[in-house]
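A structural walkthrough
So the chains spell out like this:
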Amino acid sequence: MPYHNNAISSGDPQAIEKLTEKLGKCQALQETMKAVNAHFRRYGTCRNAPGITDEQAAKLDVRVERAPSYDKQPYPSWELQNNNGEMGRLKKRIAELTRNQEVGFSGWDFAGGRAEANTEANRLQLFFDARPDAGQCSALKGNGFKWAPSQGAWQRQLNANAMYAAGRLDFVKPSDGRTVREHQPKAAPKPPDTGAI
């Protein structure tokens, strides 16, 4: 059976929309699981439970019969917890990607090339006038940059970490004397993590 990767890349231009859609599905599933469990506690069966078909109800009733005595409900607590954790993870990713879009990273010129904040591709791209030497290539790789022949650039995902990494590379230091961080607009502060989902 072939493996299908359904992961949503942060580099995808529609990543926020896809993650929001996935979050909506998880939230709907959570509500359905809670409603089915409540219906089962009240009536002792999943038949006529809201949000599921008769066929699904029959399968869940069989599942409860076979379940261990400590978790006799259609949707065990671990399933609700896992889905709840996934919702929290999705919310954090959406917030991070939204914050990165709002920041509006900018590029700069450096001796022997230029840096571009490519928001379309969600990449910080370093273009060199001449091929970097072996030491520079090693430093680029060590800071998370990868050579992209299709772009003709060394690049990595566009976020604050990419700017910090570029700031550690002396050979891509902005030619105007400012630091890489000074070229970037001030990011909105990260909202506090309340732990609530």
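Now for a quick tour of the structure.

Some thoughts on the nonpolar core
The tendency in soluble globular proteins is for nonpolar side chains to be buried as a group. With 20 residues, the main nonpolar core has W108, L124, L126 and F145 as its most contacted residues. Contributions of two or more residues to this core are made by strand 1 (108-110), strand 2 (113-118), strand 3 (123-128), helix 4 (134-142) and helix 5 (160-167). For this core, the element with the highest residue contribution is helix 5, accounting for four residues. Core analysis: the second largest hydrophobic core is formed by 11 residues, M33, A57, V64 and L80 among them.

Thoughts on helix 5
For helix 5, every residue scored as buried is listed here: A162, M163, A165 and A166. Projection of helix 5 onto a plane perpendicular to its axis shows the buried side chains occupying an angular sector of 160 degrees, all on one side. Capping the start of helix 5 is the job of one residue whose side-chain oxygen sits 3.1 Å from the backbone nitrogen of N161: N159.

Brief notes about the pattern of salt bridges
Here the structure, examined in full by the defined rule, presents eight salt bridges. E79 serves as the salt-bridge partner of R63, at 2.4 Å between the closest nitrogen and oxygen. Of this pair, R63 sits in helix 2 (residues 54-66) while E79 is found in helix 3 (residues 77-103), placing the two residues 16 residues apart along the sequence. Note on R63: relative accessible area 32%, which makes it partly exposed. The shortest N-O distance in the salt bridge between R178 and D176 comes to 3.3 Å.

Looking at the side chain of D61
Mapping D61 onto the fold places it in helix 2. The side chain of D61 sits in the buried core without any salt bridge; R47 is the nearest counter-charge, 4.8 Å away. Once you skip the residues sitting within four places of it in the chain, D61 turns out to touch F40, T45, C46 and R47.

Analysis parameters
- Residues numbered from 1 in each chain as written.
- Predicted model: local features only at pLDDT ≥ 70, side-chain atom pairs only at ≥ 80, totals over all residues.
- Heavy atoms only, no water.
- Core = buried A, V, L, I, M, F, W, Y, C linked by side-chain atoms within 4.5 Å.
- Buried < 20%, exposed > 50% of the residue type's maximum accessible area, 1.4 Å probe, protein only.
- Helix = DSSP H or I, 4+ residues; strand = E, 2+ residues; numbered from the N terminus.
- Arc of directions from axis to C-beta.
- Polar contact = N/O pair within 3.5 Å; in protein donor to acceptor, adjacent residues only side chain to side chain.
- Salt bridge = Lys/Arg side-chain N within 4 Å of Asp/Glu carboxyl O.
- Lys, Arg positive; Asp, Glu negative; His and termini not counted.
- Contact = heavy atoms within 4.5 Å.

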